[in-house]
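Here is what each chain is made of, one letter per residue.
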Amino acid sequence: NAGVTQTPKFQVLKTGQSMTLQCAQDMNHNSMYWYRQDPGMGLRLIYYSASEGTTDKGEVPNGYNVSRLNKREFSLRLESAAPSQTSVYFCASSEGRTSYQETQYFGPGTRLLVL
Amino acid sequence: QQQVKQSPQSLIVQKGGISIINCAYENTAFDYFPWYQQFPGKGPALLIAIRPDVSEKKEGRFTISFNKSAKQFSLHIMDSQPGDSATYFCAASKLSGAGSYQLTFGKGTKLSVIP
């Protein structure tokens, strides 16, 4: 099992460009999440998908859109990148709805630099 | 509003010493308190977690102490080793309106264990 995979590993964008970050999990999990990690800020939830077909905003959703393509895949799109979106982006997944003692499994991250 | 406050921001401990990281929360809806460990260039991974009806949980050299009345919890790493050098995040979990469990993270503590 690969767990949670993310592509690309690293990306440089110019202000105003768009891109999609891809995430896939092979653990048959129901819930998937997108976080951003900035120095001194911890991990902040951007969007999440409790189950296939649903998506909801997290703490910092502005400037982002998501798509839960199927049970395995959850993508994050930046329509018009801004320097403030320079960050490390992590995708995570969890079983979903089975127990409050849920573990979230994280991918290796995508480092995004917006110039 | 920072819902989970974590301190210190950074910590340097001698090999064999005890590392202590503290967290405090406000929202009484939180019902599960995990700690995640992150090595440089990697995604966070669950280290240890505790339910609010338990005051202490120990797994090997790692112990969580939980004080429900004070809304505080802490991670103790006994006999700290250089391999424990990482960033540690406390988190608190609650059920979201969409039916999945959301994690709110502290800002992280960078631990360095020196020989």
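In the block above lies the structure referred to throughout.
One structure accompanies this document, and this report is about it.

Cut-offs used in this document
Residue positions are given per chain, counted from 1 along the sequence in the order it is written. Lettering of chains starts at A and numbering of ligands starts at 1, both following the order in which they are written. Reporting in this predicted model follows two pLDDT cut-offs: at least 70 for local features of residues, and 80 or more for side-chain atom pairs to be given and counted; totals over whole chains, interfaces and linings ignore these cut-offs and use all residues. Just so you know, side-chain values use all the structure's heavy atoms and leave hydrogens and water out. Only strands joined by at least two bridges in the DSSP assignment are considered to pair. Segments assigned H or I by DSSP are reported as helices when at least four residues long, segments assigned E as strands when at least two residues long, and all are numbered from the N terminus. Here, the term nonpolar core denotes a set of buried Ala, Val, Leu, Ile, Met, Phe, Trp, Tyr and Cys residues that are joined through side-chain atoms within 4.5 Å. Residue exposure (1.4 Å probe, protein chains only): buried if accessible area is under 20% of the type maximum, exposed if over 50%, otherwise partly exposed. Note on disulfides: each one is a pair of cysteine sulfur atoms within 2.5 Å. Salt bridges are defined by distance alone: a side-chain nitrogen of Lys or Arg within 4 Å of a carboxyl oxygen of Asp or Glu. Fitted lines through C-alpha atoms give the axes, limited to the stretch in contact for helices. The angle between two N-to-C directions lies from 0 to 180 degrees.

**Describing the pairing of strand β6 (residues 56-59) of chain B**
All names here are of chain B.
No. 1: As paired elements, β6 and strand β7 (residues 62-67) share four bridges and run antiparallel to each other. Along β7, the bridge assignment pairs E59 with F62.
No. 2: Hairpin connection of β6 to β7: two residues between the antiparallel strands, including G60 at a positive phi of 65°.

**As for the nonpolar core**
No. 1: Core analysis: the biggest nonpolar cluster contains 24 residues, and B:F33, B:W35, B:F73, B:L75 and B:Y88 have the highest contact counts within it.
No. 2: A per-element tally of this core places strand β9 (residues 86-95) of chain B first, with four residues.
No. 3: Grouped together as the second largest cluster of nonpolar side chains are 20 residues, A:V4, A:L21, A:C23 and A:L78 included.

**Quick notes on the state of the cysteines**
No. 1: This structure, assessed with the given rule, holds two disulfides over all chains.
No. 2: Put simply, A:C23 and A:C91 are joined by a disulfide, and their sulfur atoms are 1.9 Å apart. Where A:C23 bonds to A:C91 through sulfur, the torsion about that S-S bond is close to -70°, and the disulfide is left-handed. Here A:C23, found in strand β3 (residues 19-25), pairs with A:C91, found in strand β9 (residues 87-94); they are 68 residues apart in sequence, far enough to count as distant.
No. 3: Owing to a relative accessible area of 3%, A:C23 belongs among the buried residues under this scheme.
No. 4: For A:C91, a relative accessible area of 0% corresponds to the buried category.
No. 5: Paired through a disulfide, B:C23 and B:C90 show a sulfur-sulfur distance of 1.9 Å. Its torsion about the S-S bond being -95°, the disulfide of B:C23 and B:C90 is classed as left-handed.

**Details of the pattern of salt bridges**
Residue and element names in this part refer to chain A.
No. 1: Counting across every chain of the model gives six salt bridges over all chains.
No. 2: Here D38 ties to R44 by a salt bridge, and the two come within 2.8 Å at their closest N and O atoms. For the pair shown, D38 and R44 are each scored as buried.
No. 3: E79 serves as the salt-bridge partner of R77, at 3.2 Å between the closest nitrogen and oxygen.
No. 4: You can call R77 partly exposed: its relative accessible area is 29%.
No. 5: Here the salt bridges share partners, and the residues they tie into one network are R36, D38 and R44.

**Digging into the sheet that holds β3(A)**
Residue and element names in this part refer to chain A.
No. 1: Judged by pairing direction, the sheet is antiparallel, and its four strands sit side by side in the order β1-β3-β8-β7 without closing on themselves. With one partner strand each, in any of the chains shown, β1 (4-7) and β7 (64-68) form the two edges of the open sheet. Sheet twist, expressed as the average angle between the axes of neighbouring strands with direction ignored, equals 20°.
No. 2: Note: β7 against strand β8 (residues 74-78), five bridges, orientation antiparallel. By the bridge assignment for β8, V66 is matched with L76.

**Details of unusual backbone geometry**
No. 1: In this structure, A:P8 follows A:T7 across a cis peptide bond, with omega equal to -5°.
No. 2: Position of A:P8 among the secondary structure elements: in the loop between β1 and β2 (10-13).
No. 3: The amide bond that connects B:S7 to the next residue, B:P8, takes the cis arrangement and shows omega of -5°.
No. 4: Assignment of secondary structure puts B:P8 in the loop between β1 (4-7) and β2 (10-14).
No. 5: With a phi close to 60°, A:N28 is a non-glycine residue in the positive phi region.
No. 6: Even without a glycine there, the phi angle at B:D79 is positive, about 45°.
No. 7: Tracing the backbone shows B:D79 in the loop between β8 (72-77) and β9.
No. 8: Residue classification places B:D79 among the partly exposed positions, given a relative accessible area of 42%.

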